[in-house]
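Summary of structural features
This is what each chain is made of:
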Amino acid sequence: MLKFLFNLAVIIIVGYIIYVKFFKKPKRVPGNQNEFKKMDSSVMVSCDKCGTFVETNDSIAKDGKFFCSKECAGVK
Ligand SMILES: [Zn+2]
């Protein structure tokens, strides 16, 4: 009988740990990741030379400025 109660306690503790892991992690981590993904991919910047708007992922960064193409950035 004592063993049964001990096993029951272990099952409850393990179940609680699993519950905390599954319900606390997905709330925080994916939320932050989505915010960072949005920041990375959808920020539009204007080309410093011709003014064309490009996403930061597609732009060329040089001297702290963004350019739409290698031609505008002066990169050969
Ligand atoms: Zn340009």
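With respect to the overall build of the protein
Each helix and strand counted, the protein has 2 helices and 4 strands in total. Order of helices (α) and strands (β) in the protein, N terminus to C terminus: α-β-β-β-β-α. The buried share of the protein, reckoned over its 76 residues, is 7%. By sequence separation, contacts in the protein at least 24 residues apart represent 2% of the contacts at least 6 residues apart.

Things to note about the environment of Phe 66
Among the secondary structure elements, Phe 66 is positioned in strand 4 (residues 65–67). As for Phe 66 and Phe 53, which are separated by 13 residues in sequence, their C-alpha atoms are 9.6 Å apart. Those residues within four positions of Phe 66 in sequence are excluded, and the remaining contacts are Val 45, Cys 47, Asp 48, Thr 56, Ser 59 and Ala 61.

Some thoughts on unusual backbone geometry
For Asp 63, which is not a glycine, the phi torsion comes out positive at approximately 55°. Mapped onto the secondary structure, Asp 63 falls in the loop between strand 3 (60–62) and strand 4.

Quick look at the confidence of the model for the protein
Model confidence for the protein is summarised by a mean pLDDT of 82, while 76% of its residues fall at 70 or above. Averaged pLDDT values for the elements of the protein fall to 74 in helix 1 (residues 2–41) and rise to 94 in helix 2 (residues 70–73).

Calculation notes
- Residues numbered from 1 in each chain as written.
- Predicted model: local features only at pLDDT ≥ 70, side-chain atom pairs only at ≥ 80, totals over all residues.
- Helix = DSSP H or I, 4+ residues; strand = E, 2+ residues; numbered from the N terminus.
- Buried ≥ 20, exposed ≤ 12 C-beta atoms within 10 Å, placed from the backbone.
- Contact = placed C-beta atoms within 7 Å.
- pLDDT = per-residue confidence, 0-100.

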